[in-house]
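Spelled out, the chains give:
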Amino acid sequence: MLGFLPSRFLTTGPGYDVIAQPRDLPAQRISIKSRTFKKGTGNVGYNDYDLFDWLAIVLLPAGELTERRIYVIPRALAENLARRDKPTSMTAAERYFRVDQVPELFAAWRSNFPLVGQIIPAGFAETHVAG
């Protein structure tokens, strides 16, 4: 075990799919999104009103990606790096990342199943722009 008890529900909360209970922390809500890897167009994302503490992005193999990859990212980092549309657009609540940029953007959070790294390193957002 990785130091916490995961719980899966038949119905999920507003924006999360799994709750993990670390030994020394409050319960952590995890939103899971999956996409097949694709170069160029194709996004993975969530809505700004979704309730979660961690975003798990599962990339399914295709093309140059030959194995499934899972990135477990703190919500604050996702918010910092997510693309978003204009506040006046109908899609203003959407936060998203290009699928082919996920491996580079979130390399430090690959297979982060122990939920380590809630604190974002200083300067990370400035050097890793999701543009």
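Our subject is the structure that appears above.
Residues numbered from 1 in each chain as written. Predicted model: local features only at pLDDT ≥ 70, side-chain atom pairs only at ≥ 80, totals over all residues. Heavy atoms only, no water.

Student: Got a minute to help me understand the pairing of strand β6 (residues 69-74) in this structure?
Tutor: The side chains of a regular strand alternate, residue by residue, between the two faces of the sheet. Counting buried positions over the six residues of β6 gives five, a clear majority of the element. In the sheet, strand β5 (residues 54-60) pairs with β6 via six bridges, with the strands oriented antiparallel. By the bridge assignment, Leu 59 is partnered in β6 with Arg 69. (Buried < 20%, exposed > 50% of the residue type's maximum accessible area, 1.4 Å probe, protein only. Helix = DSSP H or I, 4+ residues; strand = E, 2+ residues; numbered from the N terminus. Pairing = 2+ DSSP bridges.)

Student: Would you mind going over the sheet that holds strand β8 (residues 94-98) with me for this structure?
Tutor: Two orientations exist for strands paired in a sheet by backbone hydrogen bonds: parallel and antiparallel. Across the sheet, three strands lie side by side as β4-β8-β7; this open sheet has antiparallel pairing. Of all strands in the sheet, those with a lone pairing partner are β4 (43-47) and β7 (83-84), marking the two edges. The pairing of β4 with β8 spans five bridges and is antiparallel. In the sheet register, Val 44 faces β8, and the bridge partner there is Phe 97.

Student: Would you explain unusual backbone geometry in this entry?
Tutor: Residue Ser 111 is not a glycine yet carries a positive backbone phi of 55°. Structurally, Ser 111 is set in the loop between α2 (102-105) and α3 (124-127). Although it is not a glycine, Leu 115 adopts a positive phi angle of roughly 60°.

Student: For this particular structure, what's the right way to read the pattern of salt bridges?
Tutor: When the charged atoms of two side chains with opposite charge come close together, those side chains can pair. Going through the model one piece at a time under the given rule, you end up with seven salt bridges. Overlapping salt bridges, with partners in common, bring together Asp 48, Arg 75, Glu 79 and Arg 95 in one network. (Salt bridge = Lys/Arg side-chain N within 4 Å of Asp/Glu carboxyl O.)

Student: Before we go on, may I ask you to explain the packing of aromatic side chains in this structure?
Tutor: Here a ring pair, both rings aromatic, is described through the centre-centre distance and the interplanar angle of the planes. Under the criterion given, the structure shown has two aromatic pairs. Judged by centre distance (5.0 Å) and plane angle (85°), the rings of Tyr 46 and Phe 52 are edge-to-face. Looking at Tyr 46, the relative accessible area reads 4%, which means it is buried. Consider the rings of Phe 97 and Phe 106, whose centres lie 5.2 Å apart with planes at 85°: the pair is edge-to-face. (Phe/Tyr/Trp six-rings, centres within 6.5 Å; stacked < 30°, edge-to-face > 60°.)

Student: Any chance you could explain the nonpolar core here in plain terms?
Tutor: Grouped together as the largest cluster of nonpolar side chains are 22 residues, with contacts concentrated most on Ile 57, Leu 59, Ile 73, Phe 97, Val 102 and Phe 106. Those elements giving two or more residues to this core turn out to be β2 (16-22), β4, β5, β6, α1 (75-81) and α2. The residues touching Leu 59, leaving out its near neighbours within four places in the chain, are Arg 35, Phe 37, Leu 65, Glu 67, Arg 68, Arg 69, Tyr 71, Val 99, Val 102 and Pro 103. Counting nine residues, the second largest nonpolar core, distinct from the first, contains Ala 20, Ile 30, Ala 56 and Ile 70. (Core = buried A, V, L, I, M, F, W, Y, C linked by side-chain atoms within 4.5 Å. Contact = heavy atoms within 4.5 Å.)

Student: What am I meant to see in the side chain of Gln 28 here?
Tutor: Mapping Gln 28 onto the fold places it in strand β3 (residues 28-36). The buried category is assigned to Gln 28, whose relative accessible area is 11%. Of the polar contacts made by the side chain of Gln 28, one reaches the side chain of Trp 54; its length is 2.8 Å. (Polar contact = N/O pair within 3.5 Å; in protein donor to acceptor, adjacent residues only side chain to side chain.)

Student: Mind showing me how you'd approach the pairing of β2 here?
Tutor: Here β2 lies mainly inside the structure; five of its seven residues are buried. In the sheet, β2 pairs with β3 via three bridges, with the strands oriented antiparallel. If you follow Val 18 over to β3, its bridge partner there is Ile 30.

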